[in-house]
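Observations on the model geometry
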Amino acid sequence: MEVRNMRRFSQIVCGAAGLALLSTPVFAQEAARGGGAGLDLVDMFSQMGPLAWGVAIVLFVMSFWSVGIAIERIYTYNQARKQSKMYAPQVAKHLQGGRLKEAIALSASKDYRYSHLAKVVLAGLQEYQFQQESGSTLNRDDVLDTVRRSIQRATALTSNDLKKGVNTLATIGSTAPFVGLLGTVVGVINAFVGIASTGSGGIAGVSAGIAEALVETALGLFVAIPAVWFYNYLTNRLEYFNVEMDNSSSELVDYFIKKTA
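Computed from a predicted model, the values in this text were never measured in an experiment.

How each quantity is defined
Residues numbered from 1 in each chain as written. Predicted model: local features only at pLDDT ≥ 70, side-chain atom pairs only at ≥ 80, totals over all residues. Heavy atoms only, no water. Phe/Tyr/Trp six-rings, centres within 6.5 Å; stacked < 30°, edge-to-face > 60°. Helix = DSSP H or I, 4+ residues; strand = E, 2+ residues; numbered from the N terminus. Contact = heavy atoms within 4.5 Å. Buried < 20%, exposed > 50% of the residue type's maximum accessible area, 1.4 Å probe, protein only. Axes fitted to C-alpha atoms, helices over the stretch in contact; angles between N-to-C directions. Left-handed = near helix turned anticlockwise from the far one by under 90°. Nonpolar A, V, L, I, M, F, W, Y, C, P; charged D, E, K, R; others polar.

**Some details on the packing of aromatic side chains**
- According to the stated counting rule, one finds six aromatic pairs in the structure shown.
- On the basis of an interplanar angle of 50 degrees and a centroid distance of 6.2 Å, the ring pair of Tyr 240 and Phe 241 is categorised as tilted.
- Cluster of aromatic residues (ring-pair linked, three or more members): Tyr 77, Tyr 240 and Phe 241.

Here it is, written out as structure tokens:
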């Protein structure tokens, strides 16, 4: 069901992108056609130079890249939240009953491979079991410190894994307007070239270049705005996951303190 929803969301986003581009209004009129035909988006793209085309292609790649990252991260976060809600009460029952091996087996289960809580708790349980079964000569405080450090490492690794791709959204959101600005500059240059070629400063000589510049600007904003929205949304969810992992780590350490008292 989650995969189906993500695919549906992807189709809606791509469809909206295509609709926005196809519904771009008429910008100007072509003097070369006698002024009777409108300069639509297809005609304008066909007249764009190599540099303008390169800018547009880069923006399209950035757009699809950001949407793909957002869909994948949203799916991963939904699975992490769902599996962690199912995992927490079950592992708590095992720990309350003193069934350490069962708790470890549950935490390592593939059913909870997306759960951030399972990864953190598993690291602490495995370290504690290792210290107990290896016949370590460490005292109680040293064992607890070892377990605590193991949990901290697992928390850092899990947090870093959850952040994959999120910083890319920030990069796309901050650079896409400047890439669009580059296309705008190219369009303005083409407009002046049109003035030079026609020997006139009228609208007929600059319409194609101005239209190209405006579309490149719009593309840059079209890419940047969703990327920033996705970045802020995913960052807020990451903060929530970090709080959950910190709370679970603290509760697990408290459990070991009571167990070894």
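**Re the environment of Ala 176**
- Of note, Ala 176 is situated in helix H7 (residues 166–198).
- Sequence spacing of Ala 176 and Ser 63 is 113 residues, and the spatial spacing of their C-alpha atoms is 8.9 Å.
- The contact partners of Ala 176, leaving out residues within four places of it in the chain, are Leu 59, Met 62, Gly 220, Val 223 and Ala 224.

**Digging into the environment of Ala 70**
- Relative to the elements of secondary structure, Ala 70 occurs in helix H3 (residues 50–96).
- Taking relative accessible area as the criterion, Ala 70 reaches 0% and is therefore assigned buried.
- Between the C-alpha atoms of Ala 70 and Leu 234, which are 164 residues apart in sequence, the distance is 8.1 Å.
- The contacts of Ala 70, once residues within four sequence positions are left out, are Phe 230 and Leu 234.

**Here we look at the packing of helix H4 (residues 100–107) against helix H5 (residues 116–133)**
- Running from amino to carboxyl end, H4 crosses H5 at an angle of 145 degrees, the nearest separation of the two axes being 9 Å. Relative to H5, the crossing made by H4 is left-handed. Across the interface between the two elements, Leu 100, Lys 101, Ala 103, Ile 104 and Ser 107 of H4 pack against Ala 118, Val 121, Leu 122, Leu 125, Gln 126, Tyr 128, Gln 129 and Glu 133 of H5.
- Split into classes, the residues belonging to the contact of H4 with H5 amount to eight nonpolar, three polar and two charged.

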